[in-house]
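Observations on the model geometry
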Amino acid sequence: MLINGKVHEVEAKPGAMLLDVLRDQLRLTGAKPGCRRGECGACTVLVGGRPILSCIQLACLVDGPVVTIEGLGPELDPLREAFADCGGFQCGYCTPGQLVQAFALIQAGLPSDAGEAEQAVRRGMSGNVCRCTGYAGIVAAVMRVARGEVTA
Amino acid sequence: MNVIGSRLRPLDWEAITHGRFLYTADLHRPDALHGVIIRSPHPHARVLQIDVGAALSVPGVRAVLTTEDFSAGIRYIHEGAADRPPLADGVVRFVGQEVAAVAAETEEAARAGAQAVSVRYERLPAVFDLDAAERARKGGLHPRKSGRTNVSAWLRRDWGDHRKGIAACTHSVEGLFKYPAQCHVCMEVSAVIAEWREDEARLHLWTATGAPYYVVKEVSHVMGLERGQVVCHEIGVGGSFGARTKVADYEAIAGALSRKAGRPVRLVLSRDEEFATTKSRHAFESTMRLHGGRGRLRAIEADLRVDNGAYNHSGVSVTSAALKGLGMLYEPDGALLSARLIDTAKRPGGQFRGYGTTQSSFALECLMDELAGASGEDPVAFRRANANPSGSTTLVGAHLGSSRLAECLDAAAAGIGHRLIKFPDEGVGVAAAVHVSGSFAEPGAERSDAALDLHVDGSVTLRFGGADAGTGQKTILAQIGFCRWTASARPSTWAHGALAAPTTPVMRRARQAKQPRRGCVRRAWRGASNRLARSSHAHVQPLADRSPSCPPT
């Protein structure tokens with residue numbers, strides 16, 4: 001598998017999920033198990049540039065390059081800083097998933113109208129559950145980067 | 001440079017946003033066995049026999065734990081309301097109660113071992129709702145001192161002069177308010193790694209807790225150890241909301257499994273286990289009556305029924321706090337209150353943010369709206385007029401050095417534009433609540449200690465015995481430490497290991513060392529790394545580098 005720019009040989013049982021392969025075999029523990037049924041978003045990683053829920057993704061069916069939170073470099077820094085400055089996390093457990101999702105959202109492009117952009121952010125982030133912040137800080141952080149107020 | 005009052009990024013922000021911040025299940029421990037808990041399938045039953053022979057012959061199984069591995073009759077302390085054993089000893093009282101545990105080389109082997117443990121039960125009658133529990137005349141879940149079957153505690157409060165208030169009232173409103181149980185749903189599923197080190201005769205724990213003090217106190221107690229023999233290491237805590245402010249039910253099990261197997265044990269709950277078996281917010285049924293007249297709340301009458309679940313845990317103190325909350329916020333002539341903590345054969349209740357006051361405030365505040373409405377008053381103005389002012393002594397007997405409730409209400413009302421609209425399904429409203437601090441719940445509980453290590457390079461490590469569940473204790477204490485010492489050190493060389501939660505437990509930890517203040521600090525410094533504060537152990541980059549909004553001056 002091509003993971004964070006490197007080819008790794010992994011041994012996965014037919015039913016193994018990508019999340020467990022990443023965590024147990026490659027020791028990439030940034031993606032987190034939360035619900036283990038594709039509902040909370042804590043396990044979000046990129047496959048072929050698109051965010052997917054690695055806890056319900058069969059590892060053997062992954063057909064593109066995988067990028068985890070650990071594989072995102074300076075291109076993620078604006079979001080990292082915005083999350084820290086806007087109160088986008090407290091306990092931090094859901095944060096890697098939130099950041100990967102937000103990164104994909106911004107990469108895909110948001111509407112230029114501010115109101116529509118915020119709606120798109122709220123919709124786009126709605127699959128990432130956060131129990132601490134009440135989401136306002138997360139939306140503010142993503143919007144700040146979307147508006148280009150933070151640059152790497 | 002004034003760090004206090006500045007907007008700082010949380011100390012761990014870089015680790016968190018790079019996915020490097022570690023939580024218990026992230027720790028790489030290939031030497032650890034996998035632990036699995038065997039739980040009761042019955043709500044109430046006698047345990048007649050546990051046969052572990054077949055499980056021990058399952059390949060990969062290294063240890064099977066039952067109540068035999070603990071001292072006979074041992075119970076968690078739980079603030080003196082002790083009634084729960086670490087593993088069922090003779091009786092199970094809710095579906096999901098811990099009966100035995102297996103440690104094995106792989107998770108599959110542990111599950112196969114758990115399947116092979118044979119438990120024989122004799123089912124007993126079980127009650128699930130408050131009415132049935134109170135109706136029962138015999139066969140209660142526990143023998144209780146209240147004199148009533150299934151009533152764990154019966155608290156009565158008669159504060160002030162409620163008769164005078166009732167005699168003077170012109171309006172009365174009443175209602176029955178049901179507040180359901182609630183799961184904390186921390187994003188991180190509960191996990192513990194326990195490592196018994198025979199050469200040290202000490203148990204090391206990595207566990208998602210915000211209160212290492214309580215974990216050490218309870219785990220050492222049920223395992224028959226000295227407190228110095230249990231060490232909580234600092235590790236990320238993926239949410240608490242109350243769930244992780246007392247001992248959990250799996251820490252001692254993992255510890256005893258590790259001691260028995262002679263290997264580290266990793267025990268991670270499933271989300272299903274978390275929902276079904278860990279302690280919830282207590283469900284309440286509150287019958288309440290408010291009496292008022294001429295813009296005043298004159299008297300409160302309430303009868304609370306608290307669903308204890310199968311074990312006390314913090315039930316008695318939650319119930320007590322719920323009552324206390326009713327006597328703190330407003331100033332009626334009096335309050336006549338009672339509360340029954342009722343045993344049901346269900347997953348036990350426990351501490352949850354708000355600690356009982358959430359449930360009783362819900363009833364009180366709904367009725368405050370109705371009482372205001374009954375006399376044609378604005379609900380905000382009515383609360384404001386009845387708020388305890390600074391300098392007053394509440395019904396409970398607490399002297400309020402300061403009280404800003406009126407200002408809070410004004411700010412909230414302004415924030416929603418006074419739109420107190422009530423639609424059938426939604427609306428905008430205002431409610432007030434008070435939370436009684438736990439700082440004075442026990443003698444010495446308001447006390448806290450921290451230690452500063454000043455290094456030859458001018459950097460400083462700040463240690464304390466708590467943990468940060470995301471609410472910023474580490475950053476706050478680093479700010480305080482920085483300001484305290486900044487006059488004598490170069491800001492650019494400051495390092496902060498920030499370690500703790502200014503909660504009750506932390507504070508008493510040092511007290512237990514039975515040393516004067518300086519001694520406590522030394523203890524927390526050296527011994528701490530052994531027995532107290534190893535839960536907190538971190539060196540971080542200089543604070544000045546981490547606070548772009550407040551550069552060194």
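A few points on the structure. (Residues numbered from 1 in each chain as written. Chains lettered and ligands numbered in written order. Predicted model: local features only at pLDDT ≥ 70, side-chain atom pairs only at ≥ 80, totals over all residues. Heavy atoms only, no water.)

1. Examining the overall build of chain B
- Counting its regular elements, chain B contains 16 helices and 19 strands.
- Taking all 553 residues of chain B together, 58% fall into the buried category.
- Taking contacts inside chain B between residues at least 6 apart in sequence as the whole, the part at least 24 apart equals 79%.
- Summing over all exposed atoms, chain B offers an accessible surface of approximately 22800 Å²; the carbon and sulfur share of this is 52%. (Helix = DSSP H or I, 4+ residues; strand = E, 2+ residues; numbered from the N terminus. Buried < 20%, exposed > 50% of the residue type's maximum accessible area, 1.4 Å probe, protein only. Contact = heavy atoms within 4.5 Å. Areas by Shrake-Rupley, 256 points an atom, 1.4 Å probe, with all protein chains shown as cover.)

2. What about empty space enclosed by the protein?
Residues and elements named next belong to chain B.
- The full count for this structure, using the stated rule, is 7 cavities of 30 Å³ or more.
- Considered as a void within the structure, the largest cavity measures approximately 160 Å³ in volume.
- Around the largest cavity, the lining is made up of 15 residues, and of these Ser190, Ala243, Ala248, Thr278 and Lys279 lie nearest the centre. (1 Å grid on protein atoms, 1.4 Å probe; cavity = no way out; pocket = protein on both sides within 12 Å on 5 of 7 lines; lining within 4 Å. Points joined across faces, edges and corners; volume = space filled by probe spheres on them.)

3. Comments concerning the interface of chain A and chain B
- Across the boundary between the two partners, chain A contributes 32 residues, which contact 32 residues of chain B.
- Each partner contributes to the roughly 2500 Å² buried at the junction of chain A and chain B, and carbon and sulfur atoms together form 56% of this total.
- For the chain A face of the interface with chain B, the top three residues by lost area are A:Cys91, A:Tyr93 and A:Arg131, together amounting to 27%.
- One salt bridge connects A:Arg37 with B:Asp272, and the closest N-O pair in it is separated by 2.9 Å.
- In this structure, the connection of chain A to chain B is made through 13 residue pairs in polar contact (both at pLDDT 80 or more).
- When contributions to the side of chain A that touches chain B are tallied by element, the ones reaching two or more residues are α2 (77-86) and α3 (95-108) of chain A. (Buried area = accessible area lost by both parts, 1.4 Å probe. Salt bridge = Lys/Arg side-chain N within 4 Å of Asp/Glu carboxyl O. Polar contact = N/O pair within 3.5 Å; in protein donor to acceptor, adjacent residues only side chain to side chain.)

4. A word on the sheet that holds strand β14 (residues 283-293) of chain B
All names here are of chain B.
- As summarised here, the arrangement of the 5 strands in space is β7-β16-β15-β14-β8, forming an open sheet in which the pairing is mixed. The sheet is open, and its two edges are formed by β7 (151-160) and β8 (171-179), each paired on a single side. Sheet twist, expressed as the average angle between the axes of neighbouring strands with direction ignored, equals 10°.
- Pairing analysis gives 9 bridges linking β8 to β14, with the strands arranged antiparallel. Among the inter-strand pairings, Tyr179 is bridged to a residue of β14, identified as Phe284. (Pairing = 2+ DSSP bridges. Axes fitted to C-alpha atoms, helices over the stretch in contact; angles between N-to-C directions.)

5. Re the sheet that holds strand β12 (residues 265-268) of chain B
Residues and elements named next belong to chain B.
- Strand order in the open sheet made by the 7 strands is β3-β5-β1-β12-β9-β10-β11, with mixed pairing throughout. Every other strand in the sheet has two partners, leaving β3 (61-65) and β11 (230-233) as the edge strands with one partner each. Direction aside, neighbouring strands of the sheet carry axes that sit 25° apart on average.
- Sheet analysis places strand β1 (residues 33-39) next to β12, joined by 2 bridges and oriented parallel. Note that in β12 the partner of Leu33 across the bridge is Val265.
- Packed on one face of the sheet, helix α6 (residues 212-223) meets β10 (202-207) and β11 and runs near 150° to β11.
- Against the sheet, helix α7 (residues 251-261) engages β1, β3, β5 (98-104), β9 (191-197), β10 and β12, with an angle of about 130° to β3.

6. A short note on the packing of α6(B) against α7(B)
Residues and elements named next belong to chain B.
- Interaxial distance between α6 and α7 falls to 9 Å at its minimum, and their mutual angle equals 50°. In terms of orientation, α6 and α7 fall into the oblique class. For the pair α6 and α7, the sense of crossing is right-handed. The segment α6 lies against α7, with Val215, Val219, Val222 and Met223 engaging Glu251, Ala252, Gly255, Ala256 and Arg259.
- Per-class residue counts for the contact of α6 with α7 are 6 nonpolar, 1 polar and 2 charged. (Parallel < 35°, antiparallel > 145°, perpendicular 65-115°, else oblique. Left-handed = near helix turned anticlockwise from the far one by under 90°. Nonpolar A, V, L, I, M, F, W, Y, C, P; charged D, E, K, R; others polar.)

7. Let's talk about the nonpolar core
- Counting 44 residues, the largest nonpolar core has B:Met288, B:Leu290, B:Ile300, B:Tyr330, B:Leu337 and B:Leu364 as its most contacted members.
- The biggest single contributor to this core is helix α10 (residues 357-374) of chain B, with 6 residues.
- Beyond its immediate sequence surroundings of up to four residues, B:Ile300 is in contact with B:Met288, B:Arg289, B:Leu290, B:Leu326, B:Pro332, B:Gly334, B:Ala335, B:Leu336, B:Leu337 and B:Leu364.
- In this structure, A:Ala104, A:Val121, A:Cys130 and B:Cys186 belong to the second largest nonpolar core, which totals 40 residues. (Core = buried A, V, L, I, M, F, W, Y, C linked by side-chain atoms within 4.5 Å.)

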